[in-house]
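Now for the letters of each chain:
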Amino acid sequence: MPYDRLTPDDVTGVGLDGRQVLGSLVPTSELPMHLAVYRSTDARAVVHTHAVHATAVSTLVTELPLVHYMAAALGGPVRVAPYATYGTDELAANMLRALAGRSGCLLQNHGTITYGAGLDQAYDRTAQLEWMCRLWLTASSVPGLTPSLLTEPQLAEVTTRLHTYGQHP
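Every chain's residues receive numbers from 1 upward, in the order its sequence appears when written. Residue-level local features of this predicted model are given only where pLDDT is at least 70; pairs of side-chain atoms are given and counted only at 80 or more, and the full residue set underlies all totals for whole chains, interfaces and linings. As a rule here, side-chain values cover all heavy atoms of the structure and leave hydrogens and water aside.

A. Main features of the overall build of the protein chain. Counting from the N terminus, the helices are DSSP H or I runs at least four residues long and the strands are E runs at least two residues long. From N to C terminus, the protein chain includes 5 helices and 6 strands. Start at the N end of the protein chain and walk to the C end: the helices and strands fall as β-β-α-β-α-β-α-β-β-α-α. C-alpha atoms define the radius of gyration, and 2.2 Å times the number of residues to the power 0.38 defines the globule rule. Here the C-alpha radius of gyration of the protein chain, 17 Å, is about what a compact globule of 169 residues would show, namely 15 Å. With the C-alpha coordinates aligned to their principal axes, the bounding extent of the protein chain is approximately 55 × 40 × 30 Å.

As C-alpha cells, this is what we get:
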C-alpha cells in the first residue's frame with residue numbers, strides 16, 4: 001500500500017509468533033525479516049526502507065566504505081546482506097548475518113534495515129545510514145579523486161567516545 005495513503009487505522013500488528021493481532025490489512029511481505037530482527041536482537045522497533053542512496057550503494061559494494069565516523073553508531077562498518085528474493089527466509093537469514101554486531105545493514109539491490117530501542121532510534125539510524133550512503137556516493141563521484149576513509153583504529157576511538165555523545169538526562 002502506498003505509504004502516503006496509510007492512516008492510523010491501517011496499522012497492522014503481528015505477534016512474535018507471526019500471528020496477526022491488530023488491523024485488517026495483510027502484514028508486510030517482509031514479515032520474516034522483521035520477525036527475525038525481533039527474535040534475534042533486543043530490538044523494540046525495526047525500520048525497513050528502499051532509500052535511494054542506500055539502495056544504490058547496496059548494488060556497488062559488500063560493505064559501506066568507512067567514509068564517516070557515525071558508522072560507529074551502527075556498530076561498525078555497515079555490511080551488505082547478499083541478495084535474496086523479498087519476503088523469503090533466505091533474505092532474513094542473509095540480513096541476520098550482515099546485522100551481527102550491528103544495528104543496521106544494507107540489503108543488496110533492495111534497501112536498508114535498522115533497529116533500535118524505540119521507533120525514534122530506529123528511524124534516526126535509518127536516516128544516518130542513508131546520509132552516509134549519499135556522502136560516499138557524492139565523494140566517490142569526483143573524477144580522479146578517491147574519498148579518504150577511516151581506519152579501524154580511528155573507528156574504535158570514535159566508538160569509545162560515542163558512549164558520551166549527545167545530550168543525556
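After presenting the structure, the write-up continues.
B. Focus on empty space enclosed by the protein. Cavities and pockets were defined on a 1 Å grid built over protein atoms only: a cavity is a set of grid points that admits a 1.4 Å probe from which the probe cannot escape, a pocket is an open set flanked by protein on both sides within 12 Å along at least five of seven lines, and lining residues are those with an atom within 4 Å of any such point. Grid points are joined across faces, edges and corners, and a volume is the space filled by probe spheres set on the points. For the coordinates displayed, the defined rule picks out 1 cavity of 30 Å³ or more. Contributing to the lining of the largest cavity are L64, P65, L66, V67, H68, A71, P77, V78 and M132. Each residue is assigned to one of three groups, with Ala, Val, Leu, Ile, Met, Phe, Trp, Tyr, Cys and Pro labelled nonpolar, Asp, Glu, Lys and Arg labelled charged, and all others, Gly among them, labelled polar. Classifying every residue of the lining of the largest cavity by side-chain character gives 8 nonpolar, 1 polar and no charged.

C. Spatial organisation of unusual backbone geometry. Phi at N109 takes a positive value of approximately 55 degrees, unusual for a residue other than glycine. Relative to the assigned elements, N109 resides in the loop between β5 (104–107) and β6 (111–116). Here N109 falls in the partly exposed class, since its relative accessible area comes to 46%. Relative accessibility decides the category of a residue: with a 1.4 Å probe and only protein chains considered, values under 20% of the type maximum give buried, values over 50% give exposed, and everything between is partly exposed.

D. Spatial organisation of the pattern of salt bridges. Criterion for a salt bridge: a side-chain nitrogen of Lys or Arg within 4 Å of a carboxyl oxygen of Asp or Glu. According to the stated counting rule, one finds 1 salt bridge in the structure shown. Residue D17 pairs with R19 through a salt bridge whose shortest N-O separation is 3.6 Å. Assigned by exposure class, D17 and R19 land together as exposed.

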